[in-house]
Amino acid sequence: MLLEIAQYGNPVLKEKCRPIEHFDDALKSLADNMLETMYAAEGIGLAAPQVSVPVQLVVIDIPAEEESVSFLQVNGEDKKLEDIMPLMFVNPVLEPYGKMHPFHEGCLSVHRIRASVIRPDYVKATLTLLDGTVITVDCNGLLARCLQHECDHLNGILFVERVSSAQKITLKNKLKRLAAGY
Ligand code: NI
């Protein structure tokens, strides 16, 4: 089932999301609907607050051919992207590390705006899968980027809040119009 994607200006995007406590069918069904919604919108990641449910649930699907992901380990073992995609998880704990890199980000909740955000290129993530299994994912490139972007959503933070102050000035009017129209 397709869900409506909350747009910039909607207060649900500012909420600090609560952790998932029950690993039940309702959770699985919400995750499936989020994945379907993300594919339909041609995104690579979606967080539950973006479908107006303020809980710590994220779905990600990054194409296997994504070359920027040159390092990926799950529970300490080397893996390929297709081994773990689509990735659906709750209650993430992230430890970003490594060199800071600029990258143009976009977001299904912030229409037609892309902006450069500087973040560490690597991340070590402790993720709980939908069956309650806890895994550690250590990675770089687009997956590390996406994990940081999506987990920001769970803390009520949008990428446009992480851009440089010069870019903030450039984006100010566009964002005002988005918020007015939401
Ligand atoms: Ni986003």
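Residues numbered from 1 in each chain as written. Predicted model: local features only at pLDDT ≥ 70, side-chain atom pairs only at ≥ 80, totals over all residues. Heavy atoms only, no water.

Chemist: Can you help me understand the nonpolar core in this one?
Modeler: The nonpolar side chains of soluble globular proteins are, as a tendency, buried together. By size, the foremost hydrophobic cluster in this structure holds 26 residues, and its most contacted members are Ile60, Leu72, Leu143 and Leu147. Looking at this core, the elements with two or more residues in it are strand S2 (57-60), strand S3 (72-74), helix H2 (81-84), strand S5 (87-107), strand S6 (110-129), strand S7 (134-140) and helix H3 (141-154). Leu27, Ala31, Met34 and Leu35 belong to the second-largest nonpolar core, a separate cluster that totals 18 residues. (Core = buried A, V, L, I, M, F, W, Y, C linked by side-chain atoms within 4.5 Å. Buried < 20%, exposed > 50% of the residue type's maximum accessible area, 1.4 Å probe, protein only. Helix = DSSP H or I, 4+ residues; strand = E, 2+ residues; numbered from the N terminus.)

Chemist: Even after reading the chapter, I still don't get the coordination of the nickel ion, so can you show me in this structure?
Modeler: Tetrahedral coordination by four donors places them ideally at 109.5 degrees to one another around the metal; octahedral coordination by six donors ideally gives 90 or 180 degrees. On the protein side, the nickel ion has Cys107 (SG), His149 (NE2) and His153 (NE2) as donor atoms, found 2.1 to 2.3 Å from it. Between the donor residues of the nickel ion, the gaps in sequence give the motif C-x41-H-x3-H. Highlighted residues: histidine 149 and histidine 153, both in helix H3, separated by 4 residues, approximately one helical turn. Both residues of the pair, histidine 149 and histidine 153, belong to the buried class. (Donors = N, O, S within 2.8 Å, 3.2 Å for Na, K, Ca; no water.)

Chemist: Please clarify how the pattern of salt bridges should be interpreted in this entry.
Modeler: One pass over the full model with this rule turns up 6 salt bridges. A salt bridge links glutamate 161 to lysine 14; the nearest nitrogen and oxygen atoms lie 3.7 Å apart. In this pair, glutamate 161 is assigned in the loop between H3 and helix H4 (165-181) and lysine 14 in the segment before helix H1 (25-40), connecting sequence segments 147 residues apart. Overall, the relative accessible area of 33% leaves glutamate 161 in the partly exposed class. Here aspartate 152 makes a salt bridge to arginine 119, at a shortest N to O gap of 3.0 Å. Taken together, the positions of aspartate 152 in helix H3 and arginine 119 in strand S6 put the pair 33 residues apart, joining distant regions of the chain. In terms of burial, aspartate 152 and arginine 119 fall into one category: buried. Bridged by salt links that share partners, the residues Glu105, Arg119, Arg145, Asp152 and Arg162 form one connected network. (Salt bridge = Lys/Arg side-chain N within 4 Å of Asp/Glu carboxyl O.)

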